[in-house]
Each structure stands twice: as C-alpha cells, then as structure tokens.
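The primary structure of each chain is shown beneath.
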Amino acid sequence: MKKYPDKASKEACRKALLAAGYIKEENTIDQIFPEVKNKLNFWDAAGAGWGGHHAYPCGLITHVATDLQTGLSLIENYEQFFGYSMNRELLTEAVLLHDLTKPWILQWTPDHKCLPEIKIAGTGCHHIQQVADCMYRGLRPDVVVAVAVSHDHAGWPSEEKKPVGYIKAAAIIAGKDPIKEGYLAPDGETLPLPRRPESFLVHLGDHDFVLTSGISSWTQEYLKKVALSDYGLTKADLDSSKFYNLRNYVYSQASDMHLYSDPCGSRL
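1. Considering the overall build of the chain
The helix and strand inventory of the chain stands at 12 helices and two strands. Listing each helix as α and each strand as β along the chain from the N terminus yields α-α-α-α-α-β-β-α-α-α-α-α-α-α. Relative to the compact-globule value of 18 Å for 268 residues, the chain shows a C-alpha radius of gyration of 20 Å, a close match. Seen through its C-alpha atoms, the chain measures out along the principal axes to roughly 60 × 55 × 30 Å. Buried residues in the chain amount to 47% of all 268 residues. Residue pairs at least 24 apart in sequence account for 62% of intrachain contacts in the chain once pairs closer than 6 positions are excluded. Carbon and sulfur atoms form 56% of the exposed surface of the chain, whose accessible area is close to 13,600 Å². A distance of 4 Å separates the average location of the 28 positive side-chain charges in the chain from that of its 33 negative side-chain charges.

2. Regarding the pattern of salt bridges
Counted according to the given criterion, the structure contains 14 salt bridges. Between Arg-14 and Glu-25 there is a salt bridge, with the nearest N and O atoms lying 3.9 Å from each other. You can see Arg-14 sitting in helix α1 (residues 7-19) and its partner Glu-25 sitting in the loop between α1 and α2 (29-32), a full 11 residues away along the chain. When its relative accessible area of 9% is taken as the criterion, Arg-14 is described as buried. Looking at Glu-25, the relative accessible area reads 53%, which means it is exposed. A salt bridge links Asp-152 to Lys-162, with the shortest nitrogen-to-oxygen separation between them at 3.8 Å. Here Asp-152 is found in the loop between α7 (141-148) and α8 (157-174), whereas its partner Lys-162 is found in helix α8, with 10 residues between them in sequence. Look at Asp-152 and you get buried, because its relative accessible area is 12%.

3. Notes on the packing of helix α6 (residues 125-136) against α7
Two elements in contact, α6 and α7, have axes separated by 9 Å at closest approach and are oriented at 175 degrees. With respect to their mutual orientation, α6 and α7 come out roughly antiparallel. Across from His-127, Gln-130, Val-131, Cys-134 and Met-135 in α6, the residues of α7 making contact are Val-144, Val-147 and Ala-148. Taken together, the residues of the contact of α6 with α7 break down into six nonpolar, two polar and no charged.

4. Re the nonpolar core
By size, the foremost hydrophobic cluster in this structure holds 53 residues, and its most contacted members are Leu-17, Ile-120, Ile-128, Met-135, Ile-167, Ile-173 and Leu-191. Elements that contribute at least two residues to this core include exactly α1, α3 (59-82), α4 (88-97), α5 (102-105), α6, α7, α8 and α9 (197-205). With eight residues, the top contributor of residues to this core is α8. Residues within four places of Leu-191 in sequence aside, it is in contact with Val-145, Val-149, Ala-154, Glu-160, Pro-163, Val-164, Ile-167, Leu-184 and Ala-185.

5. A word on the packing of aromatic side chains
Per the counting criterion, the structure on display carries five aromatic pairs. Arranged with centres 5.8 Å apart and planes meeting at 40 degrees, the rings of Trp-218 and Tyr-260 form a pair that is tilted. Placement of Trp-218 in helix α10 (residues 208-230) and of Tyr-260 in helix α12 (residues 256-260) is noted, with a sequence separation of 42 residues between them. Across the ring face of Trp-50, the terminal group of Arg-247 is positioned such that the distance to the ring centre comes to 4.2 Å.

6. Here's the deal with helix α11 (residues 241-254)
Taking 1.5 Å of rise per residue, 14 residues should cover 20 Å, and α11 covers 20 Å from first to last C-alpha, within 8% of that figure. Residues of α11 that are buried: Phe-243, Tyr-244, Leu-246, Arg-247, Asn-248, Val-250, Tyr-251 and Ser-252. Residues of α11 that are buried sit in contact with α10 and α12. One or two steps after α11, the chain reaches Ser-255, where phi turns positive at roughly 75 degrees.

7. Considerations on the state of the cysteines
Disulfides are covalent bonds that connect the sulfur atoms of two cysteines. All chains considered together, the criterion is met by zero disulfides. Its sulfur unpaired, Cys-114 is 12 Å from the next cysteine sulfur, which belongs to Cys-58. Residue classification places Cys-114 among the buried residues on the basis of a relative accessible area of 8%. With no disulfide of its own, Cys-134 lies closest to Cys-125 among cysteine sulfurs, the gap being 14 Å.

Scoring rules and cut-offs
- Residues numbered from 1 in each chain as written.
- Predicted model: local features only at pLDDT ≥ 70, side-chain atom pairs only at ≥ 80, totals over all residues.
- Heavy atoms only, no water.
- Helix = DSSP H or I, 4+ residues; strand = E, 2+ residues; numbered from the N terminus.
- Rg over C-alpha atoms; globule rule 2.2 N^0.38 Å.
- Buried < 20%, exposed > 50% of the residue type's maximum accessible area, 1.4 Å probe, protein only.
- Contact = heavy atoms within 4.5 Å.
- Areas by Shrake-Rupley, 256 points an atom, 1.4 Å probe, with all protein chains shown as cover.
- Lys, Arg positive; Asp, Glu negative; His and termini not counted.
- Charge placed at Lys NZ, Arg CZ, Asp CG, Glu CD.
- Salt bridge = Lys/Arg side-chain N within 4 Å of Asp/Glu carboxyl O.
- Axes fitted to C-alpha atoms, helices over the stretch in contact; angles between N-to-C directions.
- Parallel < 35°, antiparallel > 145°, perpendicular 65-115°, else oblique.
- Nonpolar A, V, L, I, M, F, W, Y, C, P; charged D, E, K, R; others polar.
- Core = buried A, V, L, I, M, F, W, Y, C linked by side-chain atoms within 4.5 Å.
- Phe/Tyr/Trp six-rings, centres within 6.5 Å; stacked < 30°, edge-to-face > 60°.
- Lys NZ or Arg CZ within 6 Å of the ring centre and 35° of its normal.
- Expected span 1.5 Å × (residues − 1).
- Disulfide = S-S within 2.5 Å.

Here it is, written out as structure tokens:
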C-alpha cells in the first residue's frame, strides 16, 4: 500500500482498471483497497468469502495447508507414473502465497461475517491483489505466474485467457510491464513458454473449494436445526450475528468437513 498512500492515487488505479475493462463503474476504491480496521492475522482469517469454502476463523490456514499437501502429493504421482521431475519449492512458494491477501480483503465484520468481495478481471479481488503484491515485491516470474494460475489453468486457449487477464490487471495495480518483467510471453497473449507444470498443480490443489464449499453450506443447514433445538436461537436469529458467531465458533473448533463426516451430528 506504499504505492497508494492517498485517495487520489487509489482513484487513479481504479480508473486504470476500469478503462481496461477489469472492474465495473460502480466499484469503489474502498472495495479495491479496503480500509484496515483491525489487525490482520493470517491464522484467524477466513478461507473464502462468506458462504464459500472454509469461511470461518482459521479457515484460511486450513485451506492453504490442504492445498499444499495436495500439490505435493500430485508431484509424487507425476514423478512415479511419468518420471516427470517437478520443482517442489516453486509449488510450495506459490501455494503459501496464493491467498495471502485474504485477511485484508475478507476482513471480519462486527456481525461475524466477512467483507463482501468484488471481482477484478472476472475473479475475486483478493486474487488480483495477491498477484500484484508478488509483482510489487519483485518475486520471480515463475512464482508470479504460478500464483496467477491458481484460479484458472492454461490447458487450452479459452482458459488461458483468464490468468493472462489476471496478470495484466495485477500489473496495473503493481505498476509493472507484464511482458518486460517476464510474466507473459512476448506477444502478451499467453503465459511464458514453455508453460511450467508446477502451476497446473497449484491450480489443481486449489480445487479443494469444489468439495468444501458445498459441504460448508450443507453442514450449515444442519447446524441451523441444532441452533434452534439445542441452543435456544429463534428463526430470526439464524440470519443474525448470533447464529454467525455460533457457526464460526463451531466450524473453527471442529471444521465443517469433520462435522459432515458424522451424519448423526453428535459432535455438534
């Protein structure tokens, strides 16, 4: 944020993103650069926006740890079956970094939910901000690209356009030339060639959300019944901070995944 110390600099960035077609006219600088109202902590941050995967305190660290283990396991599989050697350090760097801005973009609110998140270049604001942060800090191009690809792969042209767009949007925020810095191929239309296989595994590891987003919402519906029957909440409370607080406490202690594995709900 040293690059954007005041409202004028933030507004200039907003206009640049708007001119490039990466945000909507109604998107504000406060949505792109949320004010930090409380100390940001990676350990108690949510893994995704409200209603998404691991959207509870400690959800982020759980998500990142799961992604890392998945990615490393995938490397082992490809090495075992194809004799294809991959860079574990690159995958580890990218996975540990890929959601580092979520504590900022998804700050907890007084009603125990998360700040709403806008989209930049068609994906969550946190993703573009993290790619931009990697660029700003001067991390290696292969790390920047691997982080950028965590949301969408480059396996065919229609999909590769997405991370290419993420990199271009992030470059606007970071004030970098994506081609000169090596984040994109010389034509600016693809990722650097040859494409690194580690970035694909970062993307596959991030697919933890495919399973956990659904389970989070399914378990929450059961938790609502328990809140009514065992904790004295009313139906009106189910859409209030009372239930959100209970939900966050339960999920952070036992996890929605663990609770879903117990259909009888005895652990609740």
